Amino acid sequence: MKKLVSAGEILVEIMAERIGQSFLEPGPLVGPFPSGAPAIFIGQAAALGQPAGLIGAVGKDDFGQLNIDRLHALGADVSAIAVHEGHATGTAFVTYRPDASRHFVFNIRNSAAGLLEMNDAAERLLDGANHVHVMGSSLFSDRATEVALAAIAAVKAKGGTVSFDPNIRREIMQASGMRQALDQVLAETDVFLPSDNELFLFSSAGDEPSAVADLLNRGIPCIVLKKGADGAAYHDRQGTVAMPGFAVEEIDPTGAGDCFGAAFVSFWLRGAAPAEALRVANACGALAVTRKGPIEGIHRLADVEAFIAKAEMLA
Ligand code: ADP
């Protein structure tokens, strides 16, 4: 089976319990949860049985070990997660606004996560990889962008493929150089996975069909648009496959896009038809929102298949 690799931020996430609750005043918090968009992605891919590994960096502390242990338990290759003495594992504090958006206070660049580098362990992991997934949030510094571009070059040199989720987190993405980094990754992308509003950061077209057509014309082979509770749509030069979402009670949206992307890319790498990859991806995204916490939303293949079978029986 093809092996996929991602590189980027590993952190613990601490969430405000109530919608509208600010971190600037004492209040009930939930967490710490192991997290980081590429970590969630790799954990979900591994949980679906896809060989998957993460290039990252944590501190030599309990939060770093929490992340390594959780990813290892999910079946991910953790050999390229560097453990740095004297640096703390990254953190993210999350508040939920009444309009359903989220605000993040990140400590990434100045934490162990900021020490991300292409070292021997990372090169060994890439030696055995066929696919690289890039999260836009992982382009949080020039150094992190260099790692992403080196990983892309390594798999492309041997005929591998690249997927890209913009995962825009304005709180961590450096203004200078970020636009160029996003465009550089997009130019190498085989599977592009934006949410519907992120699409317009990459095309100046005025509506969704024109923006999709614009990106396909610019040579992006396929685009998978994430549409929250409405599901997702796949587009390539042959046409479009739209797939409604599964009906679930949303507890916490954190990690849905990462779990969705991991499932889509894993099944795409297995040669699944777009409709099948979309179905499993929608199921993983839906299951992810039923749990509080990022990595807690990951489900294993057997549970995902049982969820789909039950939903189809009730339909
Ligand atoms: P992102 O987290 O990247 O912004 P979305 O919010 O669109 O992405 O979520 C990714 C996927 O997760 C969706 O395409 C859908 O399959 C699933 N999903 C998200 N929210 C829900 C929900 N409330 N109910 C059912 N499925 C959902």
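What you see as residue numbers is a count from 1 along each chain, following the sequence as written. Reporting of local features is limited, given that this is a predicted model, to residues whose pLDDT is at least 70; pairs of side-chain atoms are given and counted only at 80 or more, and all residues count toward the totals for whole chains, interfaces and linings. Here the side-chain values reflect all heavy atoms present in the structure, with hydrogen atoms and water set aside.

Naming follows an unreviewed UniProt entry, where the protein appears as Sugar kinase of Mesorhizobium tamadayense. UniProt positions are given in the numbering used here, feature names are shortened, and annotations may be inferred rather than shown by experiment. As its UniProt record puts it under Sequence similarities (unreviewed entry), the protein is described as follows: "Belongs to the carbohydrate kinase PfkB family."

Novice: Report on the overall build of the protein, specifying residues and quantitative values.
Specialist: Looking only at helices and strands, the protein features nine helices and 13 strands. At 18 Å, the protein has a C-alpha radius of gyration in line with the 20 Å of a compact globule built from 315 residues. Within the protein, residue pairs in contact and separated by at least 24 positions form 72% of the contacts whose partners lie at least 6 positions apart. For the protein, the exposed area adds up to about 13,200 Å²; of that, 52% sits on carbon and sulfur atoms. Secondary structure follows DSSP: runs of H or I at least 4 residues long count as helices, runs of E at least 2 residues long count as strands, and numbering of each begins at the N terminus. Values of the radius of gyration come from C-alpha atoms, whereas the globule rule sets the reference at 2.2 Å times the count of residues to the power 0.38. Any two residues having at least one pair of non-hydrogen atoms within 4.5 Å are treated as being in contact. Accessible surface area values rest on a Shrake-Rupley calculation with a 1.4 Å probe, where residue burial reflects the displayed protein chains alone.

Novice: Help me get a handle on the packing of helix 7 (residues 256-269) against helix 8 (residues 274-289), residues and values and all.
Specialist: Interhelical geometry of helix 7 versus helix 8 gives an angle of 155 degrees and a closest axis separation of 7 Å. One element, helix 7, and the other, helix 8, form an angle in the roughly antiparallel class. Between helix 7 and helix 8 lies a crossing whose hand is right-handed. Between helix 7 and helix 8, the contacting residues are Ala256, Cys259, Phe260, Ala263, Phe264, Phe267 and Trp268 on the first element and Pro274, Glu276, Ala277, Leu278, Val280, Ala281, Asn282, Cys284, Gly285, Ala288 and Val289 on the second. Residue classes follow a fixed rule: Ala, Val, Leu, Ile, Met, Phe, Trp, Tyr, Cys and Pro count as nonpolar, while Asp, Glu, Lys and Arg count as charged, and any other residue, Gly among them, counts as polar. Split into classes, the residues belonging to the contact of helix 7 with helix 8 amount to 15 nonpolar, two polar and one charged. Working convention: axes come from line fits to C-alpha atoms, limited for helices to the stretch in contact. Angles between N-to-C directions cover 0 to 180 degrees. Here roughly perpendicular refers to angles of 65 to 115 degrees, roughly parallel to angles under 35, roughly antiparallel to angles over 145, and oblique to all remaining angles. Left-handed describes a crossing in which the near helix is turned anticlockwise from the far one by less than a right angle; the clockwise case is right-handed.

Novice: Can you lay out the sheet that holds strand 3 (residues 29-35) for me, pointing to particular residues and giving the numbers?
Specialist: One open sheet accounts for four strands, arranged 3-2-6-7; its pairing is mixed. Each of the sheet's edge strands pairs with one partner strand only, and the pair in question is strand 3 and strand 7 (102-107). For this sheet the average axis-to-axis angle between neighbouring strands, irrespective of direction, equals 20 degrees. For two strands to pair, DSSP has to find at least two bridges joining them. Inspection of the sheet shows strand 2 (residues 11-16) paired to strand 3 by five bridges, in the antiparallel sense. Paired with Glu13 across the bridge in strand 3 is Phe33. Its contacts with the sheet put helix 2 (residues 62-73) on strand 2 and strand 3, and the angle it makes with strand 3 is roughly 60 degrees.

Novice: Run through the site of the ligand, naming residues and quoting values.
Specialist: Residues are classed as near a molecule or strand on a simple rule: at least one heavy atom within 4 Å of it. By nearness alone, 16 residues border the ligand, and Lys226, Gly228, Gly231, Glu250 and Asn282 come closest of all. For the ligand, an oxygen atom lies 2.7 Å from a polar atom in the backbone of Gly228. Within the contact set of the ligand, an oxygen atom lies 3.2 Å away from a backbone nitrogen or oxygen of Gly257. Lining residues are those with an atom within 4 Å of a point, where the points come from a 1 Å grid over the protein atoms alone and group into cavities, where a 1.4 Å probe fits but cannot get out, or pockets, open sets with protein on both sides within 12 Å along at least five of seven lines. Think of it this way: if more than half of a molecule's atoms are within 2 Å of a pocket's grid points, that molecule is in the pocket or cavity. Given that more than half its atoms are within 2 Å of the pocket grid, the ligand belongs to the largest pocket. Per element, the largest residue contribution to the shell around the ligand is four residues, and it comes from helix 8. Looking at side-chain class alone, the shell around the ligand contains seven nonpolar, six polar and three charged residues. Pairs of N or O atoms are called polar contacts if they sit within 3.5 Å, as long as, within protein, a hydrogen donor faces a hydrogen acceptor (for residues adjacent in sequence, only side-chain-to-side-chain pairs).

Novice: Tell me about unusual backbone geometry, and name the residues and values.
Specialist: With glycine set apart, most residues show a phi of negative sign, and most peptide bonds adopt trans. Note that the residue after Gly31, namely Pro32, is joined by a cis bond; omega there is 5 degrees. Looking at the secondary structure, you find Pro32 in strand 3. At Asn167, a residue that is not glycine, the phi angle is positive and equals roughly 35 degrees.

Novice: Which residues make up the layout of surface pockets, and what are the values?
Specialist: By volume, the largest pocket amounts to about 1,300 Å³. Lining the largest pocket are 47 residues, and of these Arg102, Arg169, Ser195, Pro253 and Gly257 lie nearest its centre. When residues of the lining of the largest pocket are traced back to their parent elements, those giving at least two are strand 2, helix 1 (37-47), strand 7, helix 7 and helix 8. The residue makeup of the lining of the largest pocket, split by class, is 18 nonpolar, 15 polar and 14 charged. By volume, the second largest pocket amounts to about 170 Å³. Taken together, Glu17, Arg18, Ile19, Tyr96, Arg97, Ala100, Glu250, Ile251, Asp252, Pro253 and Lys292 form the lining of the second largest pocket. Grid points are joined across faces, edges and corners, and a volume is the space filled by probe spheres set on the points.

Novice: So what about helix 3 (residues 120-127)? Which residues, and what values?
Specialist: For each residue, the accessible area found with a 1.4 Å probe, counting protein chains only, is set against the maximum for its type, and the residue is called buried under 20%, exposed over 50%, and partly exposed in between. All buried positions along helix 3 are accounted for by Ala121, Ala122, Leu125 and Leu126. For helix 3, the angular spread of the buried residues around the axis is 135 degrees, confining them to a single face. Exposed residues lying more than 90 degrees from the buried face of helix 3 are Asp120, Arg124 and Asp127. Here the arc refers to the set of directions running from the helix axis out to each C-beta atom.

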